[in-house]
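Take a look at the letters that make up each chain.
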Amino acid sequence: MIKAIIHGCNGKMGQVITGLCAQDTEIEIAAGIDLYDGVRNPYPVFARIADCTVPADVVIDFSNADAVDALLDYSMEKQIPVVLCSTGLSQAQLDKVRQAAQKTAVLKSANMSLGINTLMDLLKKAVKVLAPAGYDIEIVEKHHNQKLDAPSGTALALADAMNEEMGQVYAYQYDRSRERKKREEKEIGIVSVRGGNIVGEHDVIFAGMDEVITIRHTSYSRAVFAKGAVEAAKFLAGREAGMYDMADVIAGK
């Protein structure tokens with residue numbers, strides 16, 4: 001049985017992970033970390049990760065950028081693998097992530113959904129066939145009205161996956177209203193929609209002469225990200241030091 005620590009256990013994602021692990025026969029929560037103590041959990045909760053004395057095989061992080069430095073210090077000291085899901089990290093923190101990966105296993109991904117990461121693999125195959133045939137590529141992403149960033153990190157990750165597969169030849173176009181001109185040949189347009197409580201929807205459009213292929217991923221709840229993080233934790237426990245991502249999880253399944 002894999003024993004995990006949830007870093008940010010009393011947040012929305014932390015509580016979803018708690019529920020998932022309670023029904024999983026391969027992993028259990030040994031302890032939680034959270035400054036907020038207004039939630040009762042079936043495991044001990046510490047205000048700071050440095051205070052945690054409970055042994056574990058892996059840490060699942062869904063906290064915030066301010067708490068990541070202490071988490072990385074802990075993971076390096078204890079040499080405990082960490083699934084890093086917090087976003088908005090500074091360049092200094094990203095450098096520290098790479099430093100931590102020299103001492104322990106670190107998994108970081110732009111999106112924890114198994115579906116999105118499988119989609120990335122499909123897009124790499126599709127772009128190699130369709131782009132040389134002259135198909136234009138557009139991405140339309142939709143999220144709730146409280147989301148701060150646009151375009152989404154996932155939309156950029158999808159674009160990057162295709163661009164890297166083709167040798168970084170595409171420019172990204174975020175706002176066509178700025179210039180009155182036709183689209184460039186080697187260009188990926190990215191459109192952001194914000195409204196209501198849309199969890200997440202990404203359409204990747206390949207538009208050719210007389211046909212259009214649309215590949216869509218829709219998230220109906222945050223549980224898809226929590227499920228991916230739990231699968232990542234089960235994959236990462238016991239791994240050698242190094243940087244991993246969800247593509248490794250999918251390949252290892």
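The structure under discussion appears in the preceding block.
Described below are features of the structure shown in this document.

Criteria and cut-off values
- Residues numbered from 1 in each chain as written.
- Predicted model: local features only at pLDDT ≥ 70, side-chain atom pairs only at ≥ 80, totals over all residues.
- Heavy atoms only, no water.
- Helix = DSSP H or I, 4+ residues; strand = E, 2+ residues; numbered from the N terminus.
- Rg over C-alpha atoms; globule rule 2.2 N^0.38 Å.
- Buried < 20%, exposed > 50% of the residue type's maximum accessible area, 1.4 Å probe, protein only.
- Contact = heavy atoms within 4.5 Å.
- Core = buried A, V, L, I, M, F, W, Y, C linked by side-chain atoms within 4.5 Å.
- Pairing = 2+ DSSP bridges.
- Phe/Tyr/Trp six-rings, centres within 6.5 Å; stacked < 30°, edge-to-face > 60°.
- Lys NZ or Arg CZ within 6 Å of the ring centre and 35° of its normal.
- Axes fitted to C-alpha atoms, helices over the stretch in contact; angles between N-to-C directions.
- Polar contact = N/O pair within 3.5 Å; in protein donor to acceptor, adjacent residues only side chain to side chain.
- Arc of directions from axis to C-beta.
- Expected span 1.5 Å × (residues − 1).
- Salt bridge = Lys/Arg side-chain N within 4 Å of Asp/Glu carboxyl O.

## Section: the overall build of the protein
Then step 1. Counting secondary structure elements, the protein contains seven helices and 12 strands.
Then step 2. By the compact-globule yardstick of 18 Å for 253 residues, the protein fits well, its C-alpha radius of gyration being 20 Å.
Then step 3. Overall size of the protein, expressed as C-alpha extent along the three principal axes, is 60 × 40 × 35 Å.
Then step 4. The buried share of the protein, reckoned over its 253 residues, is 45%.

## Quick look at the environment of V59
Then step 1. Residue position: V59 is located in strand β4 (residues 58–61).
Then step 2. In this structure, the C-alpha to C-alpha distance between V59 and L236, residues 177 residues apart in sequence, is 9.6 Å.
Then step 3. With near-sequence residues (within four places) excluded, V59 lies in contact with I5, H7, L71, I80, P81, V82 and V83.

## Looking at the nonpolar core
Then step 1. Core analysis: the largest hydrophobic core is formed by 29 residues, its most contacted members being I17, F62, V83, L107 and M112.
Then step 2. Among the secondary structure elements, those contributing two or more residues to this core are β1 (2–7), α1 (12–22), β2 (27–33), β4, β6 (105–108), α6 (223–236) and α7 (246–252).
Then step 3. Excluding residues that lie within four positions of it along the chain, M112 makes contacts with F62, V83, C85, L107, N117, V224, F225, G228, A229, A232 and M246.
Then step 4. Ranked by size, the runner-up nonpolar core spans 22 residues in total, among them L119, M120, M162 and I190.

## Let's talk about the pairing of strand β11 (residues 211–219)
Then step 1. Note: strand β10 (residues 200–208) against β11, nine bridges, orientation antiparallel. Paired with I205 across the two strands is T214, which belongs to β11.
Then step 2. Here β10 folds back onto β11 in antiparallel fashion, the turn holding two residues, of which D210 has a positive phi close to 70 degrees.

## Let's talk about the packing of aromatic side chains
Then step 1. The tally for this structure, following the rule as stated, stands at two aromatic pairs.
Then step 2. Summarising the aromatic geometry, the rings of Y172 and Y174 are spaced 6.5 Å apart at their centres and angled 70 degrees between planes, so their arrangement reads as edge-to-face.
Then step 3. Ring geometry for F235 versus Y244: centroids 6.0 Å apart, planes at 75 degrees, classification edge-to-face. One exposure class covers both F235 and Y244, and it is buried.
Then step 4. Across from the ring centre of F235, 3.9 Å away, lies the NZ or CZ of R239, which sits over that ring.

## Some points on the sheet that holds strand β7 (residues 136–143)
Then step 1. Read from one edge to the other, the open sheet built from five strands follows the order β8-β9-β7-β10-β11, with strand pairing classed as mixed. Every interior strand has two partners, whereas the edge strands, β8 (171–173) and β11, have only one. Here the average twist between neighbouring strands, direction ignored, is 20 degrees.

## Quick look at the side chain of T104
Then step 1. Inspection of the secondary structure puts T104 in the loop between α3 (91–100) and β6.
Then step 2. In terms of polar contacts, T104 uses its side chain to reach the backbone carbonyl oxygen of I80, at 3.2 Å.
Then step 3. If near-sequence neighbours (up to four positions away) are discounted, T104 is found in contact with S75, Q79, I80, P81, A241 and G242.

## What to know about α1
Then step 1. Taken together, the buried positions of α1 are occupied by M13, G14, I17, T18 and C21. End-on, the buried residues of α1 take up no more than an arc of 145 degrees, which puts them together on one face. Opposite the buried face of α1, at more than 90 degrees from it, the exposed residues are K12 and A22.
Then step 2. On its buried face, α1 sits against β1, β2, β4 and α6.

## Thoughts on helix α4 (residues 114–130)
Then step 1. Taking 1.5 Å per residue, 17 residues should reach 24 Å; α4 reaches 24 Å between its end C-alpha atoms and fits that length.
Then step 2. Next to the buried residues of α4 lie β7, α5 (153–165), β10, β11 and α7.

## Details of the pattern of salt bridges
Oppositely charged side chains can form a pair if their charged atoms are brought close together.
Then step 1. This model, assessed by the stated rule, comprises 23 salt bridges.
Then step 2. For the salt bridge of E138 with R183, the shortest nitrogen-to-oxygen distance reads 2.6 Å. One end of the pair, E138, is in strand β7; the other, R183, is in the loop between β8 and β9 (187–194), with 45 residues separating them in the sequence.
Then step 3. The shortest N-O distance in the salt bridge between E201 and R216 comes to 3.7 Å. With E201 in strand β10 and R216 in strand β11, the pair connects residues that are 15 residues apart, well separated along the chain.
Then step 4. Owing to a relative accessible area of 51%, R216 belongs among the exposed residues under this scheme.
Then step 5. Among the charged side chains, a network of salt bridges with common partners joins D24, E26, K227, E231 and K234.

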